[in-house]
Amino acid sequence: MSTPIVSVKNVTKTFDAGKGMFAKKTKVHAVNDISFNIMPGETFSLVGESGCGKSTTGRLIDHLLIPDTGEIWFDGKKISKLSQNEMRPLRSDVQMIFQDPYGSLNPRIKVQDLIGEPLLIHTNLSAGERLKKVYELLEVVGLSAAHGERYPHEFSGGQRQRIGIARALTVHPKLIIADEPVSALDVSIQAQVLNLLQQLQKDFNLTYLFISHDLSVVEMISDKIAVMYLGTIVETAPKKDLYAHPMHPYTRSLLSAVPIPDPAKKKERTLLKGDLPSTTNLPAGCLFHTRCPYCQEKCIKERPETQEIGEGHFVKCHYPICNEEGKNV
Amino acid sequence: MAEKLLDVKNLRTEFKRDKSWVTAVNDVSFHINKGEILGLVGESGCGKSVTSLSVMRLLPIGTSRVSEGEVFFNGEDILKVDKKKMRKIRGHKISMIFQEPMSSLNPCMRISKQITEAILLHNDLSKDEAYKRAFNVLKSVGIPDPDMTLNSYPHQLSGGMCQRVMIAMAMSCEPDLLIADEPTTALDVTIQAQILALMEKIKEERNTGILLITHDLGVVAEMCSRVIVMYAGRIVEEAPVRELFEAPMHPYTQGLIESVPKLGSDMTSLPSIPGSVPDLSVMPKGCKFAPRCKYAMDICREKEPELVAVPGQEHRCSRCVLHKLEEKEVSKL
């Protein structure tokens, strides 16, 4: 129980920007020095706004991207330096569910072949056995065996997402990386898919890395949550702690910005000033200082270290909010 | 009694599909008062956007038609006025904000040109005066450096900035009615909060009526005073916002509100509505929600219920047999 299934240590990833012969070479700092552990059987969520590096982190763990510096461990093996060939046997242990149920299924392949493809690659099953397995999986995700003969365009968004989930389950993965799996779906369908994901986690003993921008969805599904801002994790905490006592000013304003579907509850909103700074030109000092309502001189000069306040509650802030009155210096 | 700004009556919009006409919006009636935010909620494909485009007369001619209904704007039926006059109303009296700020702006034109275009078209102003006006509206929507923004192209601005520009453009001629079609769906929550606060401010200051189309019940709860819920091209419920969330009457509204994950609740699984939205061309007979409804009875599958006013409650309607039954008693069945 005590060994994490995924361990990310001080990982940084930058991309080159500024194409063209004479363009100035610039770098996009997508992920800056992040560290976290995911325990087996838990749901670990990454939340943040667009462009904060959530998806890049997911892709780094799936070895679709290689980190510039830092280490990623999966199931006791260091995978950050493996070559594509060395990674291949491990691929069946990590599967992904993508955001766009329309774009992530090949429109020219029948559903049964889409779901069966991982079996073809990773196992030695015969065609008949593969098909049997596919039919089983279709039932598991709430579709019927007859759906296998159809093509993706014949399905609605929610059903397509179920197909994506079935495909991820074929090879009995240990970890499923779900990158915004419900954000393209309507609320009534979203609830169906979330319930399915939770049921499957119990039945197949899965670990999820759940990437989302929706704080209410994340609250429902997660055990532990990491809040990202401009490529860094600003706060990590167990679900209850994070929602009850958000300590980082960013987490706090993020939570207050979520509209609550209850007109009786009129709440105080902390509106953030301005927009996200550009990732090609990160602010000095604390990355959040340009928008922080509590910004002080130290924040502009020094980049804060991650500190542990309370059990499993990590904050990257010079002056985390410890009580209701405001800043506790 | 507040003044009715927009009054839509029995609107029916159809689209051509394989030589036959498919009804996308049927029997939709609602009104908006001055200085009021009316919410229009529903899932994708329920006819929210088609309703607003019908009102604006922006649907493609030939493949779509408004076959029934009237749309009164300031007492005049705008479905009947000629094109030239409609063009004067559109962008001047009624403005619209679209969902995707990035793709609704022309990428090849500077912001200044795009905003002043509307101002010059509807007002008798010189270019300099129009520029000044554009500068002022941009400032009023909270853009810190209007001169720089006016001189940039859309790709140089962020999503939140583009949406502000869109709002500024819509507000530049001080319209009486603003139709906002999913104005914050493409934006992050912190930016969404900024934009919503801005829309509220505009409503307060100018007494503009706003039709807010959204699928996000959280946004509705925070912004609107009255709400219309649509399902499969029909209005299934209309209610003041408090009543809607406290005691939703239509089973669809109930399911919709229940299936939203709520911040701060200890839920581990969500109640959900089984099945999915029916296709426009193969609508079920009777109540359109019956196949997914947990209370469905035989009568629901045969006859479509009317949208009836709920007795004793103002502005409250529901399209469900259940409420009629309570009224006339079950014995009549």
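Residues numbered from 1 in each chain as written. Chains lettered and ligands numbered in written order. Predicted model: local features only at pLDDT ≥ 70, side-chain atom pairs only at ≥ 80, totals over all residues.

Q: Explain the overall build of chain B here, please?
A: Across its full length, chain B carries 13 helices and 12 strands. Taking 20 Å as the expected radius of gyration for a compact globule of 333 residues, we find that chain B reaches 21 Å, a close match to that expectation. With the C-alpha coordinates of chain B rotated into their principal frame, the extents come out at 75 × 50 × 45 Å. Out of the 333 residues in chain B, the part that is buried amounts to 45%. In chain B, the proportion of contacts linking residues at least 24 apart, taken out of those at least 6 apart, comes to 63%. (Helix = DSSP H or I, 4+ residues; strand = E, 2+ residues; numbered from the N terminus. Rg over C-alpha atoms; globule rule 2.2 N^0.38 Å. Buried ≥ 20, exposed ≤ 12 C-beta atoms within 10 Å, placed from the backbone. Contact = placed C-beta atoms within 7 Å.)

Q: Please clarify how the pairing of strand β1 (residues 6–17) of chain A should be interpreted in this entry.
A: Look at any regular strand and the pattern is simple: side chains alternate between the two faces of the sheet. Residue and element names in this part refer to chain A. Bridge count for β1 against strand β4 (residues 69–74) is 5 bridges, and the pairing is antiparallel. The residue bridging V8 from the neighbouring strand is I72, located in β4. Here β1 runs beside strand β2 (residues 26–38); their pairing, made up of 9 bridges, is antiparallel. By the bridge assignment, S7 is partnered in β2 with N37. (Pairing = 2+ DSSP bridges.)

Q: When you look at the sheet that holds strand β10 (residues 234–240) of chain B in this model, what are you seeing that I'm missing?
A: Residues and elements named next belong to chain B. Pairing in this open sheet of 8 strands is mixed, and the strands run β6-β7-β8-β3-β9-β10-β12-β11 from one edge to the other. Since the sheet does not close on itself, it has two edges, and those belong to β6 (94–97) and β11 (308–309), each with one partner. Relative to strand β12 (residues 317–318), β11 is paired through 2 bridges, and the arrangement is antiparallel. For V308, the partnering residue across the bridge sits in β12 and is S318. Where helix α7 (residues 159–171) meets the sheet, its contacts fall on β6 and β7 (177–181), and the angle it forms with β6 comes to roughly 175 degrees. (Axes fitted to C-alpha atoms, helices over the stretch in contact; angles between N-to-C directions.)

Q: Can you help me understand the domain arrangement of chain A in this one?
A: Interface size is commonly expressed as the accessible area that is lost once the parts come together. Residues and elements named next belong to chain A. For chain A, the domain assignment lists domain 1 (6–93 + 173–316) and domain 2 (104–169). Look at where the C-alpha atoms of domain 1 and domain 2 centre, and you get two points 30 Å apart. Per element, the largest residue contribution to the side of domain 1 that touches domain 2 is 6 residues, and it comes from helix α6 (residues 187–204). Residues belonging to the side of domain 1 that touches domain 2 are distributed by class as follows: 10 nonpolar, 2 polar and no charged. (Domains from an automatic or database assignment. Nonpolar A, V, L, I, M, F, W, Y, C, P; charged D, E, K, R; others polar.)

Q: Before we go on, may I ask you to explain the domain arrangement of chain B in this structure?
A: Residue and element names in this part refer to chain B. By the assigned domains, chain B splits into domain 1 (4–93 + 175–260 + 272–331) and domain 2 (100–174). For domain 1 and domain 2, the distance between their C-alpha centres works out to 30 Å. Residue contributions to the side of domain 1 that touches domain 2 peak at 6 residues, all from helix α8 (residues 189–206). Taken together, the residues of the side of domain 1 that touches domain 2 sort by class into 9 nonpolar, 3 polar and 1 charged.

Q: Quick question: what am I supposed to make of the sheet that holds β2 of chain A here?
A: Sheet strands line up and pair through hydrogen bonds in the backbone, either parallel or antiparallel. Residue and element names in this part refer to chain A. What the 4 strands build is an open sheet, ordered β2-β1-β4-β5; its pairing is antiparallel. The sheet is open, and its two edges are formed by β2 and β5 (77–78), each paired on a single side. Those strands touched by helix α1 (residues 54–61) are β1, β2 and β4, and its axis lies near 65 degrees from that of β2.

Q: What should I look at first to understand unusual backbone geometry in this one?
A: Apart from glycine, the bulk of residues carry a negative phi angle, and the bulk of peptide bonds sit in the trans form. Of note in the backbone geometry, H172 of chain A takes a positive phi value of approximately 50 degrees without being a glycine. Positionally, H172 of chain A belongs in the loop between α5 (157–169) and β7 (175–179). Positive phi, close to 60 degrees, is recorded for N207 of chain B, a residue that is not glycine. Mapped onto the fold, N207 of chain B is located in the loop between α8 and β8 (209–214). Of the residues examined, N207 of chain B has 14 C-beta atoms within 10 Å and is grouped as partly exposed.

Q: It is not clear to me how the pairing of strand β3 (residues 37–41) of chain B should be interpreted in this structure. Could you clarify?
A: All names here are of chain B. Burial analysis of β3 places 5 of its 5 residues in the buried class, which makes it a mostly covered element. The pairing of β3 with β8 spans 5 bridges and is classified as parallel. Opposite L38, over in β8, you have L211 as the bridge partner. Sheet topology places β3 next to strand β9 (residues 226–231); 4 bridges connect them, and they run parallel. Note on β9: the bridge partner recorded for L38 is R226.

Q: What is the right way to look at the interface of chain B and chain A in this model?
A: Contacts between the two partners involve 39 residues from chain B, matched on the other side by 34 residues from chain A. Sorting the residues of the side of chain B that touches chain A by element identifies α7, α8, α9 (217–223), α10 (241–246) and α11 (251–258) of chain B as the ones contributing at least two each. It is α8 of chain B that contributes the most residues to the side of chain B that touches chain A, 6 residues altogether. Its residues placed into classes, the side of chain B that touches chain A shows 18 nonpolar, 15 polar and 6 charged.

Q: Teacher, can you tell me more about α7 of chain B here?
A: Counting along an α-helix, one turn takes 3.6 residues, and residues three or four places apart therefore face a common direction. Residue and element names in this part refer to chain B. Over its 13 residues, α7 extends 18 Å from the first C-alpha to the last, a length consistent with the 18 Å expected when each residue adds 1.5 Å. The element α7 is extensively covered by neighbouring structure, given that 12 of its 13 residues are classed as buried. Those residues of α7 not exposed but buried are G160, M161, C162, Q163, R164, V165, M166, I167, A168, M169, A170 and M171. (Expected span 1.5 Å × (residues − 1).)

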